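Residues per chain, in single letters:
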Amino acid sequence: MDIIDYLRGIKHQRAVWANIMRKEIESRISQLDKLIEEDASNEELWVERGALYWKLQDWKHCIEDYDRAIGLNPRSRAVELRQMAMHTIAFYHKDRYNP
């Protein structure tokens, strides 16, 4: 095996792990969807789901969930998380989110 084959193998492994992680995150989001249906006033559920959307770089849903948590509790940790998300979007993804 030469170095090119070795590097291709590593790249493939990373893609496989990224896909597994994505599926796990999406599964957790589905679980949170059900919990939010049952208790939409639970700020922490919104914060947690927003953080999972962050991991998927789904900025629109991330910000929406943080906004919902802030609406429930203006002192929520979602305030800081939303600011961090907005800074990330402004720096790396100016074209992805336009409120």
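A. Structural context of helix α2 (residues 43-55). The terminal C-alpha atoms of α2, which comprises 13 residues, lie 19 Å apart, in line with the 18 Å expected from a rise of 1.5 Å per residue. By the burial criterion, the buried members of α2 are Glu 43, Leu 45, Trp 46, Val 47, Arg 49, Gly 50, Leu 52 and Tyr 53. Here α2 starts with a cap whose side-chain oxygen sits 3.0 Å from the backbone nitrogen of Glu 44, and that cap is Asn 42. Looking one or two places after α2, you find Gln 57, whose phi comes out positive at around 60°.

B. Structural context of the nonpolar core. Within the largest apolar cluster, 19 residues are counted, with the highest numbers of intra-cluster contacts made by Ile 29, Val 47 and Tyr 66. Not counting chain neighbours up to four residues away, the residues in contact with Tyr 66 comprise Val 47, Gly 50, Ala 51, Trp 54, Ala 78, Leu 81 and Arg 82.

C. Expanded view of the packing of aromatic side chains. All chains considered together, the criterion is met by 1 aromatic pair. Each ring, one from Trp 54 and one from Trp 59, has its centre 5.5 Å from the other, and the planes form 75°; the classification is edge-to-face. With relative accessibility at 24%, the residue Trp 54 sits in the partly exposed group.

D. Just helix α3 (residues 59-72), in detail. When the terminal C-alpha atoms of α3 are compared, their 20 Å separation across 14 residues agrees well with the 20 Å that a helix rising 1.5 Å per residue should span. Of the positions making up α3, those classed as buried are Trp 59, Cys 62, Ile 63, Asp 65, Tyr 66 and Ala 69. The buried residues of α3 occupy one face: seen down the axis, they fall within an arc of 165°. Looking at the buried residues of α3, the elements they touch are α2 and α4 (78-92).

Parameters at a glance
- Residues numbered from 1 in each chain as written.
- Predicted model: local features only at pLDDT ≥ 70, side-chain atom pairs only at ≥ 80, totals over all residues.
- Heavy atoms only, no water.
- Helix = DSSP H or I, 4+ residues; strand = E, 2+ residues; numbered from the N terminus.
- Expected span 1.5 Å × (residues − 1).
- Buried < 20%, exposed > 50% of the residue type's maximum accessible area, 1.4 Å probe, protein only.
- Polar contact = N/O pair within 3.5 Å; in protein donor to acceptor, adjacent residues only side chain to side chain.
- Core = buried A, V, L, I, M, F, W, Y, C linked by side-chain atoms within 4.5 Å.
- Contact = heavy atoms within 4.5 Å.
- Phe/Tyr/Trp six-rings, centres within 6.5 Å; stacked < 30°, edge-to-face > 60°.
- Arc of directions from axis to C-beta.

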